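# Survey of secondary and tertiary structure
Here are the chains, one letter per residue:
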Amino acid sequence: MSDQQLPSAPLPFTSTLPPNSDPIPPPVPVPAPTLALYIPAFPSKRKRTGFRRKVPSAGSPADPVAPSPAPHPPVPPSASDDIIVINREPTAEAVTALTAGFPADSLTDEEIEAEVVSDVGGIEQVNYILIRNHLLTRWRETFNSWLAKEPFASLIPPHCDHLLTSAYNFLVSHGHVNFGVAPAIKERLPKEPTRPNTVIVVGAGLAGLAAARHLLASGFKVVVLEGRKRCGGRVYTKKMEGGGRSAAADLGGSVLTGTFGNPLGIVAKQLGLPMHKIRDKCPLYRPDGSPVDPEVDKKVEGTYNKLLDNASYLRASMDGYLSWGGARDITAI
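About the criteria used
- Residues numbered from 1 in each chain as written.
- Predicted model: local features only at pLDDT ≥ 70, side-chain atom pairs only at ≥ 80, totals over all residues.
- Heavy atoms only, no water.
- Helix = DSSP H or I, 4+ residues; strand = E, 2+ residues; numbered from the N terminus.
- Expected span 1.5 Å × (residues − 1).
- Buried < 20%, exposed > 50% of the residue type's maximum accessible area, 1.4 Å probe, protein only.
- Contact = heavy atoms within 4.5 Å.
- Pairing = 2+ DSSP bridges.
- Phe/Tyr/Trp six-rings, centres within 6.5 Å; stacked < 30°, edge-to-face > 60°.
- Lys NZ or Arg CZ within 6 Å of the ring centre and 35° of its normal.
- Salt bridge = Lys/Arg side-chain N within 4 Å of Asp/Glu carboxyl O.
- Axes fitted to C-alpha atoms, helices over the stretch in contact; angles between N-to-C directions.
- Parallel < 35°, antiparallel > 145°, perpendicular 65-115°, else oblique.
- Polar contact = N/O pair within 3.5 Å; in protein donor to acceptor, adjacent residues only side chain to side chain.

### Notes on helix 5 (residues 161-173)
For helix 5, with 13 residues, the first-to-last C-alpha span of 18 Å sits near the 18 Å given by 1.5 Å per residue. The buried count for helix 5 comes to 11 of 13 residues, which makes it a mostly enclosed element. Of the residues making up helix 5, those classed as buried are His162, Leu163, Leu164, Ser166, Ala167, Tyr168, Asn169, Phe170, Leu171, Val172 and Ser173. Where helix 5 is buried, its residues meet helix 3 (109-113), helix 4 (123-141) and helix 7 (206-217). Gly175 sits one or two residues past helix 5 and shows a positive phi near 75°.

Below is the structure:
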């Protein structure tokens, strides 16, 4: 039996179009919606910081926690195609979100993991970002008060109520709003634990204390362990007296390396502490009050920054944990 197929007769061509009618053009693809926002560049800073900072992601001092976002209800097709308008300054609010550590026109990995929207990359995401940026802007303006969700309900169309709930719960539960030391914030902490578990936090530095506060707000019982006789970690002010005079010197953290996206800027405002901008020129002085030779200062800073670069290179070159036998001489890099 041969494997060759028998020729078949061609099928007759039929058309449902009337004579002399133009063919129907193919549908034009619709690009994914995006936010066309102008985001200005922020000036770079001098390297004399003691460390290299990255743009903060989603970690910051946190307080009372909201529940996880509820499942998203279905959105009517007609409403899901509309981009909402909350105010006339979406670009300014996008810049505020950027300074708070969020991308101005997209979702963070934490937001995607939390499933804040049901359709990543669609109109729903655009509307969520507009709502999220608006909440962040309002929090920056009212940092001494508890940011509630209800006042925003009248600004959001009904078909986006679930996005308001999703954005608010994410920002509160991840500590991006309603954090700090303002009385209106502290009074929201639960008086008694609401969960049976106890969490131990090792270290009463700034990170440990912020973690303990966030856990308390989540309803846990918290125990903080600290090896020193004081709290604060590296943040420590030493008071000195002698010869009828008194002075104070910060032995640890004394500079906020940028207030954009830095939650400590808001904490400082809540405490009423004045902040002073550091000049681009930051001269050093000797114990007797005389200025350090600018050339010596320049060489020391160059050596210091080279050491930071070498340390970063060493850290990036290590695969896993560094053992004592595998330690490398940093001066040979």
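### What about the pairing of strand 3 (residues 237-242)?
In terms of strand pairing, strand 3 meets strand 4 (residues 245-250) through six bridges, oriented antiparallel. Counterpart to Glu241 in the pairing with strand 4 is Ser246. In this structure, the hairpin formed by strand 3 and strand 4 is closed by a connection of two residues, where Gly243 is found at a positive phi of approximately 65°.

### A look at the packing of aromatic side chains
Taken as a whole and judged by the stated rule, the model has one aromatic pair. Here Arg230 stacks its cationic end above the ring of Tyr236, 4.0 Å away from the centre of that ring.

### Re the pattern of salt bridges
In the structure shown here, the tally under the stated rule is two salt bridges. Glu111 serves as the salt-bridge partner of Arg132, at 2.9 Å between the closest nitrogen and oxygen. Within this pair, whereas Arg132 is found in helix 4, its partner Glu111 is found in helix 3, the two being separated by 21 residues in sequence. Taken individually, Arg132 and Glu111 each receive the classification buried, so the pair is uniform in this respect. The residue Arg138 makes a salt bridge to Glu141 at a minimum N-O spacing of 2.6 Å. Placement of both Arg138 and Glu141 in helix 4 is noted, with a separation of three residues, approximately one turn of the helix. We classify Arg138 as partly exposed; its relative accessible area is 33%.

### What about the packing of helix 2 (residues 90-99) against helix 4?
Close contact between helix 2 and helix 4 brings their axes to 8 Å; oriented N to C, the two are set at 75°. Here helix 2 lies roughly perpendicular to helix 4, going by the angle between them. Residues Pro90, Glu93, Ala94, Thr96, Ala97 and Thr99 of helix 2 lie in contact with helix 4, whose contacting residues are Leu130, Asn133, His134, Leu136, Thr137 and Arg140.

### Observations regarding the environment of Ala247
Mapped onto the elements, Ala247 comes out in strand 4. The residues touching Ala247, leaving out its near neighbours within four places in the chain, are Lys238, Lys239 and Met240.

### Here's the deal with helix 8 (residues 263-270)
Counting buried positions over the eight residues of helix 8 gives six, a clear majority of the element. For helix 8, every residue scored as buried is listed here: Pro263, Gly265, Ile266, Val267, Ala268 and Gln270. Looking at the packing, one finds that the buried side of helix 8 touches helix 4 and helix 6 (183-186). Regarding helix 8, its N-cap is Asn262, as a side-chain oxygen of that residue lies 3.0 Å from the backbone nitrogen of Leu264 further along. Once helix 8 ends, the next one or two residues include Gly272, with phi positive near 75°.

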